[in-house]
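# Analysis of the macromolecular model
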Amino acid sequence: MLRVENLWVEVAGKQVLKGVNLDIAPGETHILFGKNGSGKTTLLMTIMGFSSYHITEGRIFFKGEDITHLPPYERAKRGIGLSFQRPPTIRGIKTRDIINICGRGRISADDLAERFQFQDFLDRDINLGFSGGELKKSELLQLIAQDPELTLLDEPESGVDLENLQVIGEAIRNLLQKHIRRKRAKSGLIISHQGFILNYLEADKGALMWNGRVHCRGNARELFKHIQEKGYEECAECIAEFMK
Amino acid sequence: MHSRIHEIKEAAESAKDKKGTYGPDIDLSQYKKNATPHPYEEKLGSFGPEESDKLTAVGIDISQDQRSGTFLLKDQSVIHCRTKQDGLEVLSMKEALDRYQWLEEYWWKAVSVDADKYTAQAELSLNDGYFIRSYAFAKSLSPIQACLYMGVENLSQNVHNIIIAEEGSELHIITGCATAPYVLSGLHIGISEFYIKKGAKLTFTMIHNWGRDVMVRPRSAAIVEEEGIFLSNFACLHPVRSLQLYPVTRLVGQGAIARFHSILLATPGSDLDTGARVFLQAPQTRSEIITRAISTGGKIMARGHLIGEVPGIKAHLECMGLLLSEKGGIHAVPELEGKVGGVDMSHEAAVGKIAQEEVEYLMARGLSEEEATSTIVRGFLDVRIEGLPPSLQEELSRVIKQSEKALM
Ligand SMILES: Nc1ncnc2c1ncn2[C@@H]1O[C@H](COP(=O)(O)OP(=O)(O)OP(=O)(O)O)[C@@H](O)[C@H]1O
Ligand SMILES: [Mg+2]
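Residues numbered from 1 in each chain as written. Chains lettered and ligands numbered in written order. Predicted model: local features only at pLDDT ≥ 70, side-chain atom pairs only at ≥ 80, totals over all residues. Heavy atoms only, no water.

## Quick notes on the overall build of chain B
- Looking only at helices and strands, one finds seven helices and 21 strands in chain B.
- In terms of C-alpha radius of gyration, chain B reaches 21 Å, essentially the compact-globule figure of 22 Å for 408 residues.
- Taken over the C-alpha atoms alone, chain B extends approximately 70 × 55 × 45 Å along its principal axes.
- Expressed as a percentage of contacts within chain B between residues at least 6 apart in sequence, the contacts between residues at least 24 apart total 85%.
- Accessible surface computed for chain B: about 15600 Å², of which carbon and sulfur atoms make up 49%.
- Looking at charge distribution, chain B has the averaged site of its 43 positive side-chain charges lying 1 Å from that of its 54 negative ones. (Helix = DSSP H or I, 4+ residues; strand = E, 2+ residues; numbered from the N terminus. Rg over C-alpha atoms; globule rule 2.2 N^0.38 Å. Contact = heavy atoms within 4.5 Å. Areas by Shrake-Rupley, 256 points an atom, 1.4 Å probe, with all protein chains shown as cover. Lys, Arg positive; Asp, Glu negative; His and termini not counted. Charge placed at Lys NZ, Arg CZ, Asp CG, Glu CD.)

Here it is, written out as structure tokens:
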């Protein structure tokens, strides 16, 4: 579904990604861990096609097509959706408007909001004054309306309370068709610090972003447990060992 | 009283050559002083399709179905003037002055006649204007519409209006100011004096749509008494050579409120110098001045001046400017003046291009770059105005929508 080849990305004159390789098969969900500032958001924003992330080398393929130089809406049209870590506020554009844009007329914003107890936000300017948890919910609602084939989630659980964590976890499960076993078509790439997401869905793979590169591919739960117990310091040593 | 009228004339004479404080100076002599009179129309029927479109574009409902009264000044003649609702009064200014001796007390009371040569000319060469009043505790069911229209080239139109919302009443006015589609130049001077009495509410929505080379000099002021509410909205979204206005409002009674919303668009060659100044002179008075300005190549000066004179007042100024072109410019001049402790005054201003981050956020949701940009611009202009009747909010949204084509 998604294939990233030797991706080098510069942001504001700084080399952030330094040769990322990634392969997500149809139906697979990958979890990406990594320290603050290691380049996780940069990777997702680059996959979505944001112009301030300059690709200096490498390529991105989606369903076999080279999308390295396509603008974001072409990627959205092809089936990529992103939940932002820090979405911008746009004055004068209501949450309802943006859900309608995402849904392209196939879904009722009111019904969707009702399902997630988000009715009060429909007529508010998008993201204006939203709390941390509300931002995450709003992002997720937009993605549900959009119904992408590849879902990119940048810290969907940060700042979300326990009760809503369950709501959001369930929503992500649906988005990724976790209830379907065979013939599952939807893929995901999820950034997580707390690993709560692992309580809600089975991830196929886990990986670690370290200084602009992806390492330690393997079982997501094991990797997370390891990070939890040993911290990123040991990862540093292990990676240094590996890089020799 | 007669001595007052005499003094007014003298003051006007003395200010005949006094330049305005802001905006480019205008040579008044280059405009025609007199226009051919037009007959009164019982039913508005003399406007052709293009002219009607222009009137619709400034919020005028020619059928009058959705209005509780209409006033229409064409060039220098009042061609229509009537009310449909008891408790609301619409008269031509000249008739009102004849009818009501007491009106002299309101004449040039809020606005100074010797402010500049434009106020002076309005006094010395008055064409006419409207007098709109809501009686005590009357509530207007639908808005009253007033239209100031110029149908000939290079005319000077000098208007003086008085609006009185008597105690406890509620009055909604929509004013459309326009030139005929084929008129390119002219001068419009409009004096408006607003008196909002105790507990009254006045909403005043003014929409301008001029010819490319028209000069516009409105001069208005309001006095708001105890618990009175003055809501003033202004949209100018079409080319005009130079428009300069800076209305003054005095909140003289406890708990009085004034809110200003301006929606401005400056196309190449247009120069808009606008603002609002509010004196908060009584406890618990509140004021808000909100401006949304877009330049596609023209110049906009967005002023705002809030003066807090007593403790316990609250005032806020907000100016958002979008530059959609490399040319032109937006200059926000927010001023806050607290004269005593215990005032709560703030301002927020931002001028710039559309944030790429916002455009791309919408692109990530499936909009093309152009669609994303126009969605953001539309949202930027589409200000929800608290306290405005839904029908007027719709009217304003419609006017904004119509002008969007010119924007993109
Ligand atoms: N617009 C920018 N200007 C300057 N530096 C930037 C910009 N965007 C990203 N960076 C830098 O790039 C590096 C990677 O940032 P990125 O947001 O990808 O990290 P992250 O792994 O998502 O971190 P976190 O876990 O804190 O979200 C950081 O050092 C960050 O400061
Ligand atoms: Mg991040």
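## With respect to the site of ligand 1
Residue and element names in this part refer to chain A.
- Taken together, 15 residues form the shell around ligand 1, and within it Lys-14, Gly-37, Lys-40, Thr-41 and Thr-42 come nearest.
- Measuring from an oxygen atom of ligand 1, one finds a side-chain N or O atom of Gln-85 at 2.9 Å.
- In isolation ligand 1 offers 630 Å² of accessible surface; the protein chains occlude 66% of this area.
- The site holding ligand 1 turns out to be the largest pocket.
- At the level of secondary structure, the elements contributing two or more residues to the shell around ligand 1 comprise strand 2 (14-24) and helix 1 (40-48).
- If you tally residues by element for the shell around ligand 1, the top one is helix 1, at three residues.
- Classifying every residue of the shell around ligand 1 gives three nonpolar, eight polar and four charged. (Near = heavy atom within 4 Å. Polar contact = N/O pair within 3.5 Å; in protein donor to acceptor, adjacent residues only side chain to side chain. 1 Å grid on protein atoms, 1.4 Å probe; cavity = no way out; pocket = protein on both sides within 12 Å on 5 of 7 lines; lining within 4 Å. Sits in = over half its atoms within 2 Å of the grid points. Nonpolar A, V, L, I, M, F, W, Y, C, P; charged D, E, K, R; others polar.)

## Examining the packing of aromatic side chains
- According to the stated counting rule, one finds 18 aromatic pairs over all chains in the structure shown.
- Centre to centre, the rings of Phe-118 of chain A and Phe-121 of chain A are 4.2 Å apart; their planes meet at 15 degrees, and the pair counts as stacked. Per residue, the accessibility class of Phe-118 of chain A equals that of Phe-121 of chain A, and both read buried.
- Just above the ring of Tyr-100 of chain B sits the side chain of Arg-133 of chain B; from NZ or CZ to the centre is 5.4 Å.
- One Lys or Arg, Arg-292 of chain B, reaches over the ring of Phe-380 of chain B and ends 5.7 Å from the middle of that ring. (Phe/Tyr/Trp six-rings, centres within 6.5 Å; stacked < 30°, edge-to-face > 60°. Buried < 20%, exposed > 50% of the residue type's maximum accessible area, 1.4 Å probe, protein only. Lys NZ or Arg CZ within 6 Å of the ring centre and 35° of its normal.)

## Here we look at the layout of surface pockets
- Within this model, the largest pocket holds a volume of roughly 470 Å³.
- As for the largest pocket, its lining consists of 21 residues, and the residues nearest its centre are Thr-41, Thr-42, Tyr-53, Gln-85 and Arg-86 of chain A.
- Residue assignment for the lining of the largest pocket shows that the elements contributing at least two residues are strand 2 and helix 1 of chain A together with helix 5 (356-364) of chain B.
- When its residues are assigned to classes, the lining of the largest pocket shows six nonpolar, nine polar and six charged.
- Put simply, the second largest pocket is a space of about 400 Å³. (Points joined across faces, edges and corners; volume = space filled by probe spheres on them.)

## Describing the confidence of the model for chain B
- On average, residues of chain B score 95 in pLDDT, and 99% of them reach the 70 mark or higher.
- We note a pTM of 0.85 for the whole complex and an ipTM of 0.94 for its interfaces. (pLDDT = per-residue confidence, 0-100.)

## What about the coordination of the magnesium ion (ligand 2)?
Residue and element names in this part refer to chain A.
- Thr-41 (OG1) and Gln-85 (OE1) make up the full set of protein donors to the magnesium ion (ligand 2), lying at 1.9 to 2.1 Å. Residue Thr-41 is found in helix 1, and its partner Gln-85 is found in the loop between strand 6 (80-83) and strand 7 (90-94); the two are separated by 44 residues along the sequence.
- Taking relative accessible area as the criterion, Thr-41 reaches 24% and is therefore assigned partly exposed. (Donors = N, O, S within 2.8 Å, 3.2 Å for Na, K, Ca; no water.)

## Thoughts on the interface of chain A and chain B
- Contact residues are listed per partner, giving 27 residues for chain A and 20 residues for chain B.
- Summed over both sides, the interface of chain A with chain B buries roughly 1900 Å², with 64% coming from carbon and sulfur.
- When the buried surface of chain A facing chain B is broken down by residue, Tyr-73, Arg-91 and Ile-101 of chain A rank first, second and third, together holding 29% of it.
- Viewed at the interface, chain B and chain A are joined by two salt bridges.
- Those elements that place two or more of their residues in the side of chain A that touches chain B are helix 2 (72-78), strand 7, helix 3 (95-103) and helix 5 (132-146) of chain A.
- Of the residues assigned to the side of chain A that touches chain B, the class counts are 17 nonpolar, seven polar and three charged. (Buried area = accessible area lost by both parts, 1.4 Å probe. Salt bridge = Lys/Arg side-chain N within 4 Å of Asp/Glu carboxyl O.)

## Some remarks on the packing of helix 5 of chain B against helix 6 (residues 369-381) of chain B
Residues and elements named next belong to chain B.
- At a minimum axis distance of 9 Å, the contact between helix 5 and helix 6 shows a crossing angle of 120 degrees. For helix 5 against helix 6, the interelement crossing comes out right-handed. Note on element contacts: helix 6 touches helix 5 through Glu-369, Ala-372, Thr-373, Thr-375 and Ile-376, opposite Gln-356, Glu-358, Val-359, Leu-362 and Met-363.
- Classifying every residue of the contact of helix 5 with helix 6 by side-chain character gives five nonpolar, three polar and two charged. (Axes fitted to C-alpha atoms, helices over the stretch in contact; angles between N-to-C directions. Left-handed = near helix turned anticlockwise from the far one by under 90°.)

## Topic: a negative patch on the surface
- A contiguous patch of negative charge on the surface is contributed by Glu-167, Glu-225, Glu-226 and Glu-227 of chain B.
- Relative to the helices and strands, Glu-226 of chain B is located in the loop between strand 10 (213-224) and strand 11 (229-236). (Patch = residues over 30% accessible without salt bridge, like charges linked within 9 Å, V, L, I, M, F, W, Y side chains within 5 Å.)

## A short note on the side chain of Thr-42 of chain A
- Mapped onto the fold, Thr-42 of chain A is located in helix 1.
- When sequence neighbours within four positions are dropped, the list of residues in contact with Thr-42 of chain A reads Val-9, Val-11, Val-16, Leu-17 and Tyr-53 of chain A.

## Quick look at the pattern of salt bridges
- Inspection of the entire model under this criterion finds 33 salt bridges over all chains.
- Across the pair Glu-348 of chain B and Arg-91 of chain A runs a salt bridge, and its minimum N-O distance is 3.1 Å. Here Glu-348 of chain B, found in strand 21 (residues 344-352), pairs with Arg-91 of chain A, found in strand 7, and the two come from separate chains.
- Residue classification places Glu-348 of chain B among the partly exposed residues on the basis of a relative accessible area of 30%.
- According to the relative accessible area criterion, Arg-91 of chain A is partly exposed, its value standing at 33%.
- For Arg-96 of chain A, the salt bridge goes to Asp-123 of chain A, with nearest N and O atoms at 3.2 Å. Taken as a pair, Arg-96 of chain A in helix 3 and Asp-123 of chain A in the loop between helix 4 (109-115) and strand 8 (125-126) lie far apart in primary sequence, 27 residues in all.
- Put simply, Glu-65, Glu-74, Lys-77 and Arg-78 of chain A are held in one network by salt bridges that share partners.

## A closer look at the pairing of strand 13 (residues 248-251) of chain B
All names here are of chain B.
- Here strand 13 shows a buried face lined by Thr-249 and Leu-251 and an unburied face lined by Val-248 and Arg-250.
- Note: strand 10 against strand 13, four bridges, orientation parallel. Within the sheet, the bridge partner assigned to Ala-221 lies in strand 13 and is Val-248.
- Here four bridges tie strand 13 to strand 16 (residues 277-280), and the two strands are oriented parallel to one another. Each residue of the ladder has a partner; that of Leu-251, found in strand 16, is Leu-280. (Pairing = 2+ DSSP bridges.)

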